[in-house]
Amino acid sequence: MIKTLHLFLPDFGPLAEKDVYRRHIVTGERAKAEGIATLTPSRSARIEDLLLVHTPKYIGALRSGEPPELASSGGVWFPSWIDVSLSVLGAFLDAIDSALVHGVSGMLGGGGHHAYPDHGGALSPVNDIAIGVHYLRSKGLRRVLVLDLDAHFGNGTVASFPDDPDLFLFDFHGHASDFGHPDTPHLFKNFRVEPDARLYLQALRKELPTVIDEFQPQACLYVAGMDVFSGTPNPPLRLKIPDIEKREAFVFEVLSNQKVPVAYVHAGGYASVETLVGLHMITARFAHGALTLYGSTRINWLQ
Ligand SMILES: [Zn+2]
């Protein structure tokens, strides 16, 4: 029987009408229609899950809308903002659970890497990636690799882990907003000077296998941002579709070769819905292709 990729779909509430969220839903429909994915509505995460990273004061603002500038720091607040945020986070926690069983899984959306513990950031009310690290630890997986290939720097994730020797923060980007210098093991590379794909792919091929060999992660959280695409307005990076295919092929090849389970998020994407669906489908296809390479060796991951 051919395995299908498990993808988890949040309830975006009123945001579902906006293109920047609709791309996630359409990608899920496309992956299902292609026969490569099974779609599952996400669970709702709990307030306690938010507390793994965020401060009670900030969570209170997300729930109440007060004070307005704090409540809207990760996007314009509306009354069901907290419910949407918990659904998006729930989809990622579901994807992590699924990845630990099947090797690879994803969620349709997510990637709030600009959210800090005490406030949100650009389109990031909740840092699902940082919470995912703590969630993996609660499952007994200590050594985690955050592979952030969104075109923007994961400043909120970095700020959430100033000194964590069992975490590796791998971040390739084209914008150096609020560049961090944590004591947590990390590799940050900025491609602003050379935004074309050649150096980017060369560096990825050189650095990612080395990090995996040396750090020996038990799980990976992959921020598969598509704002690296050259068709992005004011593109921080200029990867073309064949370059993005090479990136996704390589990421899933390396992780599956080393049997590192991976849960991915869509993260950034700023082009037409149709273009973005095509780009997110590249991730889905290579993730699906990697499934068979993981086999059923779950026990190895938990040793
Ligand atoms: Zn981005």
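Residues numbered from 1 in each chain as written. Predicted model: local features only at pLDDT ≥ 70, side-chain atom pairs only at ≥ 80, totals over all residues.

You'll find the chain entered in an unreviewed UniProt entry as Histone deacetylase, with Geothrix edaphica given as the organism. One UniProt comment on the chain, placed under Sequence similarities (unreviewed entry), says "Belongs to the histone deacetylase family." (UniProt positions renumbered as here; feature names shortened; annotations may be inferred.)

Turning next to the sheet that holds strand β6 (residues 186-190). Spatial strand order, β2-β1-β3-β8-β7-β4-β5-β6: eight strands in an open sheet with parallel pairing. The sheet is open, and its two borders are formed by β2 (37-41) and β6, each paired with just one other strand. On average, each strand axis in the sheet is inclined to that of its neighbour by 15 degrees, with strand direction left out of account. Where strand β4 (residues 144-148) and strand β5 (residues 167-173) come together, five bridges link them in parallel fashion. Looking at the pairing, Leu145 lines up with Phe168 of β5. Helix α5 (residues 81-102) rests against β1 (5-9), β2, β3 (104-107) and β8 (262-265) of the sheet, and its axis sits at about 170 degrees to β3. (Pairing = 2+ DSSP bridges. Helix = DSSP H or I, 4+ residues; strand = E, 2+ residues; numbered from the N terminus. Axes fitted to C-alpha atoms, helices over the stretch in contact; angles between N-to-C directions. Contact = placed C-beta atoms within 7 Å.)

Next up on the list: the environment of Pro56. In this fold, Pro56 is placed in helix α3 (residues 56-64). Once the C-alpha coordinates of Pro56 and Ala16 are considered, the two residues, 40 residues apart in sequence, prove to be 28 Å apart.

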